[in-house]
Amino acid sequence: MEVVIEMTLPRDAESAPLVRHTLDASLRGLGVTSEIRADIALALGEACANVIQHAESSREYEVRAHMDGVRCVVDVIDGGRSGDMALWKRERRALPIAESGRGLQLMRAFTEDLNITGRADRNGAIVHFEKSLAS
């Protein structure tokens with residue numbers, strides 16, 4: 001079974017739980033374990049939080065997820081300024097004891113194939129991660 005989710009969300013704090021719950025319900029329907037669902041929810045929450053906090057020049061962001069029973073592939077896409085990529089680079093250097101800036105480290109620890117790129121067609125960034133759905 002294949003499930004595809006595409007959502008355009010307002011860049012506010014209330015949107016992150018909505019997309020996390022939607023993705024979790026789809027994964028639960030595919031029979032994915034709670035541990036793997038929790039890893040994906042954590043990574044998705046971190047990616048959304050970063051967009052909500054930092055992509056100030058955009059009113060919306062997109063989340064695209066594709067699940068095929070074997071793998072979950074997620075893209076969180078913001079419409080921020082071209083300089084917003086610098087925020088991701090600073091976060092890469094965050095100390096483990098820092099109050100903020102650990103989102104990338106968490107996403108890297110709980111997912112596979114994490115990649116952050118600039119958008120080719122306009123300003124903003126794409127946070128891409130994947131997670132195997134096998135226990």
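Residues numbered from 1 in each chain as written. Predicted model: local features only at pLDDT ≥ 70, side-chain atom pairs only at ≥ 80, totals over all residues. Heavy atoms only, no water.

*Asks:* How do you make sense of the packing of helix 1 (residues 15–29) against helix 2 (residues 34–54) when you look at a structure like this?
*Replies:* Angle between the axes and distance between the axes: these two values describe a pair of packed helices. Direction vectors running N to C along helix 1 and helix 2 enclose 155°, while the axes themselves pass 10 Å from each other. In this view, helix 1 runs roughly antiparallel relative to helix 2, as classed from their interaxial angle. Two packed elements cross with a definite hand, and for helix 1 against helix 2 that hand is right-handed. When helix 1 is examined against helix 2, the residues S15, A16, V19, R20, L23, D24, L27 and R28 are found in contact with a partner set consisting of R37, I40, A41, L44, G45, C48 and I52. When grouped by side-chain class, the residues that make up the contact of helix 1 with helix 2 number nine nonpolar, two polar and four charged. (Axes fitted to C-alpha atoms, helices over the stretch in contact; angles between N-to-C directions. Helix = DSSP H or I, 4+ residues; strand = E, 2+ residues; numbered from the N terminus. Parallel < 35°, antiparallel > 145°, perpendicular 65-115°, else oblique. Left-handed = near helix turned anticlockwise from the far one by under 90°. Contact = heavy atoms within 4.5 Å. Nonpolar A, V, L, I, M, F, W, Y, C, P; charged D, E, K, R; others polar.)

*Asks:* What should I look at first to understand the pattern of salt bridges in this one?
*Replies:* A side chain of one charge can pair with a side chain of the opposite charge if their charged atoms are brought near each other. On inspection of all chains with the given rule, the structure shows seven salt bridges. A salt bridge links E112 to R71; the nearest nitrogen and oxygen atoms lie 3.0 Å apart. Separated by 41 residues along the polypeptide, E112 in strand 4 (residues 112–118) and R71 in strand 3 (residues 71–78) bring together distant segments of the chain. Under the relative-accessibility criterion, E112 is labelled partly exposed at 28%. Relative accessible area serves as the criterion here: at 24%, R71 is assigned to the partly exposed category. (Salt bridge = Lys/Arg side-chain N within 4 Å of Asp/Glu carboxyl O. Buried < 20%, exposed > 50% of the residue type's maximum accessible area, 1.4 Å probe, protein only.)

*Asks:* Is there a simple way to think about the pairing of strand 5 (residues 125–132) in this case?
*Replies:* As a general feature of sheets, a regular strand has side chains that alternate between the two faces. Buried residues dominate strand 5, accounting for six of its eight residues. Sheet analysis places strand 3 next to strand 5, joined by seven bridges and oriented antiparallel. Residue V73 lies in a different strand from strand 5, and its bridge partner there is E130. One ladder, built from five bridges, connects strand 4 with strand 5; its direction is antiparallel. Bridging across to strand 5, E112 finds its partner in E130. With antiparallel pairing between neighbouring strands as the criterion, strand 4 and strand 5 make up a hairpin whose turn holds six residues, including G124 at a positive phi of roughly 120°. (Pairing = 2+ DSSP bridges.)

*Asks:* Can you walk me through the side chain of S26 in this structure?
*Replies:* You can see S26 is positioned in helix 1. Excluding residues within four positions of it along the chain, S26 makes contact with V3, I5 and M67.

*Asks:* Would you take a moment to explain the nonpolar core for this structure?
*Replies:* Generally speaking, nonpolar side chains in soluble globular proteins are found buried as a group. Core analysis: the largest hydrophobic core is formed by 32 residues, its most contacted members being L23, L44, Y61, V63, V74 and V76. When residues of this core are traced back to their parent elements, those giving at least two are strand 1 (3–10), helix 1, helix 2, strand 2 (60–67), strand 3, helix 4 (103–110), strand 4 and strand 5. Broken down by element, the residue count for this core peaks at eight residues, all from helix 2. Once residues lying within four places of it in the same chain are set aside, the contact partners of L23 are I5, I40, L44, A65, M67, C72 and V74. (Core = buried A, V, L, I, M, F, W, Y, C linked by side-chain atoms within 4.5 Å.)

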